[in-house]
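Chain by chain, the residues run as shown.
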Amino acid sequence: MSTHRRVSPDSYTNPAVNEKGFDRYEATTEQGVTSEVALDADHSLHRGLQARHISMIAIGGAIGTGLIIGTGSALANAGPGSIFIAYLLVGFIVFLTMAALGEMAAWNPMPSGFTGYASRYCSPSLGFALGWTYLGKYLIIVPNQLTAAALVISYWVPRDTLNPGVFIAIFLILIVAINMFGIKFFGEFEFWLSSFKVITILGLILLSLILALGGGPNHDRTGFRYWKDPGAFRPRYLEGSAGQFLGFCSTLVTAVFAYLGTELVGVTVAEAQNPRRTVPRAIKLTFYRILVFYVLSVFLVGMLVPWNSSKLATANKAATGANASPFVVAIKISGIRYLDHIINACILVFVFSAANSDLYISSRTLYSLACDGSAPRIFSRTNKHGTPYMALAVGAVFALIAFLNVAESSQVVFGYFVNLVSILGLLAWISILVTHIYFVRARRAQGISNSQMPFVAPLGLAGSFGALALCILIAFIKNYTVFIHNHAKGGYGDFDYKNFITGYLGIPLYLILIFGHKFWYKTRAPKPHETDLYGGKDIVDREEEAFLAHKAQEEALRGPPTGLRLVYKYCFSWLF
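Residues numbered from 1 in each chain as written. Predicted model: local features only at pLDDT ≥ 70, side-chain atom pairs only at ≥ 80, totals over all residues. Heavy atoms only, no water.

## Let's talk about the nonpolar core
- Val-90, Leu-146, Tyr-259 and Trp-429 are the most contacted members of the largest nonpolar core, which has 133 residues in total.
- Not counting residues up to four positions away in its chain, the partners in contact with Trp-429 are Val-90, Ile-93, Val-94, Thr-97, Val-256, Tyr-259, Leu-260, Glu-263 and Cys-471. (Core = buried A, V, L, I, M, F, W, Y, C linked by side-chain atoms within 4.5 Å. Buried < 20%, exposed > 50% of the residue type's maximum accessible area, 1.4 Å probe, protein only. Contact = heavy atoms within 4.5 Å.)

What follows is the structure, given as structure tokens:
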């Protein structure tokens, strides 16, 4: 018989505690693979993320350098029509993936997040492969973000004046300190950073609209001029429609990279207060975020900057910083002065926030693998703030790779990292969708109807199958240009093997992890009627009851909302 121990709703630790004082989600397969190991007070996360933290982190996680900078190279390579379709297509995939994740997270929020869902509902081998590829993605991207931050500062302080390694060291110390102070501090810090990012991108969208309508200093009303001349679709490598299709394919890697991070909300499940309400709500708002922040942004920037602009070509050589942003190119074309410095400061905040949240994800992913029995248990140890400090230390050590990336060739390395990270991100989305398909089959076999679910993916199984097919297709064609490159040059010896390796390396690694684990542990997928859908659910039910009772008591003591609370309730609370 298990007991339930809680300190306060602001410091909820993960699930139930048995007689020996251990938290435990245990689901041992016939092959002896345990999906989650025993967790005591020294191995538990705290539920310190409030609804507003989850929502704003989910919004901010979807806004990064991929959007504000990466769209420049995509526009130059493929034209405004291609980037608009690519961001719309990938955005639709992201929404379906997030909805699938939300359905599973709302039913039974597990400490190990979507790696735990993959292990329990599909196969321990899939959970193992998903966890390690996802960890690899964020161990790679943290040093890349730190390098990007140093390059942004080089807009003001040239590398000849001060080595970028100095700024890398400062940023690394800061993000490690922020993550060490616990989830409540991290959540509050990211809330305000994300709020700033939202205000910035909304400001850029408004400015872009004004410039497109002729409100800039040059009073040039561009409209759809550049969609006609030089054209909406730029051919690449080949002439005609075939070249236009290749140009479109080249934008997919940029679009995928731009959307990476939206699944961050799935990692926060274990540290969210009342996750059954906050996580689905944040995910449902993903649809509107995609339309506003991504699709509208690339649509407007395509109206302001022609893909054959010499200023855009110069921007694409800048790697990162204000000079690399197509929004800054549009500002310069319109004749606005000094605004580029403000944009550069905003980009610095974007990159710093991305590095901070990426380090958080890497530590929680390694923690989840340890909880899942797929990594040494030492990485599940937490401090008094609920921070998995051993897992965080691993992320910090890998971040030191950034010091190797301060050379002049950092732009090229940045591109390779984007390529590798994009395929690992796609594999994570594929795994989530496959897990959701197995989850829906299992709950239907066990008689759990949609009406019993706290949240249901809008398009159900059809949506997951469709998104899965598109993800697999993009995974294979997103770097298809490496095969065309040699042919287009009219000879041999020009094969782009570096982009080929970084673009496709993740696929064989992913398959080796799945089948290697399956061969070693003899795992199998559970039959739908045997799938464990209820393990730990009763604990979450009690947590939810305790949290709602506490909130009701708070509301009773505070009385009816007045003043700013009243404004918040009727004007802003729908966001959170």
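## Regarding empty space enclosed by the protein
- Under the definition given, this model contains six cavities of 30 Å³ or more.
- Put simply, the second largest cavity is a space of about 90 Å³.
- What lines the second largest cavity is simply Leu-211, Asn-218, Asp-220, Thr-222, Tyr-226, Leu-304, Ala-330, Ile-333 and Ser-334.
- Element by element, the count of residues in the lining of the second largest cavity is highest for helix H15 (residues 326-334), at three residues.
- In terms of residue class, the lining of the second largest cavity is made up of five nonpolar, three polar and one charged. (1 Å grid on protein atoms, 1.4 Å probe; cavity = no way out; pocket = protein on both sides within 12 Å on 5 of 7 lines; lining within 4 Å. Points joined across faces, edges and corners; volume = space filled by probe spheres on them. Helix = DSSP H or I, 4+ residues; strand = E, 2+ residues; numbered from the N terminus. Nonpolar A, V, L, I, M, F, W, Y, C, P; charged D, E, K, R; others polar.)

## Side note on helix H7 (residues 164-180)
- In this model H7 runs 25 Å from its N-terminal to its C-terminal C-alpha over 17 residues, within 8% of the 24 Å that 1.5 Å per residue would give.
- Listed as buried for H7 are Pro-164, Gly-165, Phe-167, Ile-168, Phe-171, Leu-172, Ile-175, Ile-178 and Asn-179. The arc that holds the buried residues of H7, viewed along the axis, is 150 degrees, so those residues lie on one side.
- If you follow the buried residues of H7, they end up packed against helix H6 (124-153), helix H8 (183-212), helix H16 (339-371) and helix H17 (389-399).
- Two to three positions downstream of the cap, the backbone nitrogen of Gly-165 sits 2.7 Å from a side-chain oxygen, assigning the N-cap of H7 to Asn-163.
- Positive phi appears at Gly-182, one or two residues downstream of H7, with a value of about 105 degrees. (Expected span 1.5 Å × (residues − 1). Arc of directions from axis to C-beta. Polar contact = N/O pair within 3.5 Å; in protein donor to acceptor, adjacent residues only side chain to side chain.)

## With respect to the pattern of salt bridges
- For the structure on display, the rule yields five salt bridges.
- Here Arg-443 ties to Glu-103 by a salt bridge, and the two come within 3.0 Å at their closest N and O atoms. You can see Arg-443 sitting in helix H18 (residues 410-445) and its partner Glu-103 sitting in helix H4 (residues 80-107), a full 340 residues away along the chain.
- You can call Glu-103 buried: its relative accessible area is 1%.
- Between Asp-532 and Arg-120 there is a salt bridge, with its nearest N and O atoms 3.8 Å apart. Of this pair, Asp-532 sits in the loop between helix H22 (506-521) and helix H23 (537-558) while Arg-120 sits in helix H5 (residues 113-122), and the two are 412 residues apart along the sequence.
- On the accessibility criterion, Arg-120 (6% relative accessible area) is buried. (Salt bridge = Lys/Arg side-chain N within 4 Å of Asp/Glu carboxyl O.)

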